[in-house]
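# Secondary and tertiary structure notes
The chain contents come next:
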Amino acid sequence: MFSHARATGWLLLAILAGAVVSGFLFGKRIWCQYICPLGKLIGQYATISSVVLRSNSNVCLSQCQTHDCIKDAGCPMDLHPSASKTTNECILCLSCARNCPHKAVRLDARFPWQGLFTQRNWEFSRAFFAILLVALILAVKLPAWIATNDFLPHRVRNLSLFDIPGSNLLIFAAIIIGYFVLVSVVSLLSNAKDFKKSFVYTGYAYLPLAFVGWFNIYFREFVDHGHEILPLAASIVGLSEYIRMSWVTPNLATLKGLIPIITLVGATISLFMLAKIVEDFSIRRVVHRLHQLIMACTTLLFLFIM
Ligand code: SF4
Ligand code: SF4
């Protein structure tokens, strides 16, 4: 679906249909909150968001009598602003801030790791998802990079495996499962009893790496093809005869230099979070070192394949 416009179109159409049908059957936002994989993906990254909604609990809990912020379905996600910072469901629409007569709601900036260490529940599914996202990025980009890269020996680029029907899917699945098994085995070293704890805590540290990987995939597409957007829009609305295309064709190539910087920033945050998690939850040194190694190798691969 990454490389086929028609498949992407079908996916978006399916999501739109799902949102309309579930909205009709179960009410607004049920699709976003409980079903849509894109909603889950964004909710996943909310843990490391640098922006957070906060409310003044003194005002909300002791002084406010009216609770205008949640009246008349004021919050599309059925949240009270005082609870929004402990969930990943707030979509930052700021409806509560607009409806609050006491000006008790505000947006705050925070470091990406602060949300992680103030959360109440460390969920297995979220750790699993973070690792899966990193594995997916490698599965999406690595085979194409191997097949087209001039630096690799001819023999590697033309691996006969790529020519076998269905092999793309097999390679895709093998990379995801292989990466996942690798991370799980490392967590197992913390000893069988602590496996789940070690897997869940360390799994969260892969989130920034997953975020910058996904961001860079789309950012790279923007850098390569973003200059076509305005000329295309101009020709669709019939302005191409009146304006020169060069006027509306920006040169975005220099933005390419940001891609490795973004990758390195994400990797640094992941390594920092890992170190803090290891310290806070007394995870074994060998587990820490091996996760560091996996993260460093993943970063190196990201630098090549993006
Ligand atoms: S956000 Fe405003 S309206 Fe809502 S409970 Fe707090 S003070 Fe009341
Ligand atoms: S910002 Fe929007 S989604 Fe978040 S708590 Fe306020 S009203 Fe709800």
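This write-up is about the structure you can find in this document.

Calculation criteria
Residues numbered from 1 in each chain as written. Chains lettered and ligands numbered in written order. Predicted model: local features only at pLDDT ≥ 70, side-chain atom pairs only at ≥ 80, totals over all residues. Heavy atoms only, no water. Helix = DSSP H or I, 4+ residues; strand = E, 2+ residues; numbered from the N terminus. Buried < 20%, exposed > 50% of the residue type's maximum accessible area, 1.4 Å probe, protein only. Contact = heavy atoms within 4.5 Å. Areas by Shrake-Rupley, 256 points an atom, 1.4 Å probe, with all protein chains shown as cover. Lys, Arg positive; Asp, Glu negative; His and termini not counted. Charge placed at Lys NZ, Arg CZ, Asp CG, Glu CD. Axes fitted to C-alpha atoms, helices over the stretch in contact; angles between N-to-C directions. Parallel < 35°, antiparallel > 145°, perpendicular 65-115°, else oblique. Nonpolar A, V, L, I, M, F, W, Y, C, P; charged D, E, K, R; others polar. Near = heavy atom within 4 Å. Phe/Tyr/Trp six-rings, centres within 6.5 Å; stacked < 30°, edge-to-face > 60°. Expected span 1.5 Å × (residues − 1). Arc of directions from axis to C-beta. Salt bridge = Lys/Arg side-chain N within 4 Å of Asp/Glu carboxyl O.

On to the overall build of the protein chain, then. Tallying secondary structure elements over the protein chain gives 15 helices and 2 strands in all. Counting only C-alpha atoms and orienting by the principal axes, one finds that the protein chain spans roughly 75 × 70 × 40 Å. Split into buried and exposed, the 306 residues of the protein chain put 36% on the buried side. Across the protein chain, every contact between residues at least 6 apart in sequence was considered, and the portion connecting residues at least 24 apart equals 76%. For the protein chain, the exposed area adds up to about 18200 Å²; of that, 66% sits on carbon and sulfur atoms. In the protein chain, 26 side chains carry a positive charge and 15 a negative one; their mean positions are 6 Å apart.

So, on to the packing of helix 14 (residues 258-280) against helix 15 (residues 285-305). At a minimum axis distance of 10 Å, the contact between helix 14 and helix 15 shows a crossing angle of 170 degrees. With respect to their mutual orientation, helix 14 and helix 15 come out roughly antiparallel. Where helix 14 approaches helix 15, its residues Pro260, Thr263, Leu264, Ala267, Ser270, Leu271, Leu274, Ala275 and Val278 are matched on the opposing element by His288, His291, Gln292, Met295, Thr299, Phe302 and Leu303. Residues belonging to the contact of helix 14 with helix 15 are distributed by class as follows: 10 nonpolar, 6 polar and no charged.

Here we come to the site of ligand 1. Near ligand 1 there are 13 residues, and of these Cys60, Cys64, His67, Cys69 and Cys100 occur at the shortest range. Considered class by class, the residues forming the shell around ligand 1 number 9 nonpolar, 3 polar and 1 charged.

This next bit is on the packing of aromatic side chains. The geometry of two aromatic rings is summed up by the distance between their centres and the angle between their planes. Applying the stated rule across the entire model yields 15 aromatic pairs. For the pair Trp122 and Phe281, a centre-to-centre distance of 5.2 Å together with 75 degrees between the ring planes defines the contact as edge-to-face. Of the two residues, Trp122 sits in the loop between helix 7 (114-118) and helix 8 (124-148) while Phe281 sits in the loop between helix 14 and helix 15, which places them 159 residues apart along the sequence. For Phe281, a relative accessible area of 23% corresponds to the partly exposed category. Between the aromatic rings of Phe215 and Phe219, the centroid separation amounts to 5.6 Å while the plane-to-plane angle is 20 degrees, which identifies the pairing as stacked. Taken as a pair, Phe215 and Phe219 lie in helix 12 (residues 207-225) at a separation of 4 residues, close to a single helical turn. Classification of Phe215 by relative accessible area gives partly exposed; the value is 38%. Chaining the aromatic ring pairs together yields one cluster made of Phe117, Trp122, Tyr201, Tyr204 and Phe281.

This brings us to the packing of helix 12 against helix 14. One way to put it is that helix 12 packs onto helix 14 with a least axis distance of 8 Å and a crossing angle of 170 degrees. Here helix 14 runs roughly antiparallel to helix 12, going by the angle between their axes. Every residue of helix 14 that contacts helix 12 at Pro208, Leu209, Val212, Phe215, Asn216, Phe219 and Arg220 is listed here: Leu258, Ile259, Ile262, Thr263, Gly266, Ala267, Ile269, Ser270 and Met273. A class-by-class count of the residues in the contact of helix 12 with helix 14 yields 11 nonpolar, 4 polar and 1 charged.

Before going further, it helps to spend a moment on helix 15. Think of an α-helix as 3.6 residues a turn; residues three or four steps apart then line up on the same face. Between the first and last C-alpha of helix 15 there are 30 Å, a value that for 21 residues agrees with the 30 Å anticipated at 1.5 Å per step. Among the residues making up helix 15, those that are buried are Val287, His288, His291, Ile294, Met295, Thr298, Thr299, Phe302 and Ile305. Angular distribution of buried residues about the axis of helix 15 spans 140 degrees; they occupy a single face of the element. Away from its buried face by more than 90 degrees, helix 15 exposes Arg285 and Leu300. The secondary structure elements touched by the buried residues of helix 15 are helix 8, helix 10 (167-188), helix 11 (195-204), helix 12 and helix 14.

Moving on, we get to the site of ligand 2. The immediate surroundings of ligand 2 are formed by 12 residues, with Cys75, Cys90, Cys93, Leu94 and Cys96 found nearest. Class assignment for the residues of the shell around ligand 2 results in 10 nonpolar, 2 polar and no charged.

We now examine the pattern of salt bridges. By the definition in use, this model includes 5 salt bridges. Between Arg126 and Glu123 there is a salt bridge whose closest N-O contact spans 3.6 Å. Looking at Glu123, the relative accessible area reads 34%, which means it is partly exposed. Through salt bridges with shared partners, a single ionic network connects Arg54, Arg106 and Asp108.

Despite not being glycine, His67 shows a phi value in the positive range, around 50 degrees. Turning to its location among the elements, His67 is positioned in the loop between helix 4 (57-63) and helix 5 (81-84). Taking relative accessible area as the criterion, His67 reaches 28% and is therefore assigned partly exposed. Located in the positive-phi region is Asp78, a residue other than glycine, with phi close to 55 degrees. Inspection of the secondary structure puts Asp78 in the loop between helix 4 and helix 5.

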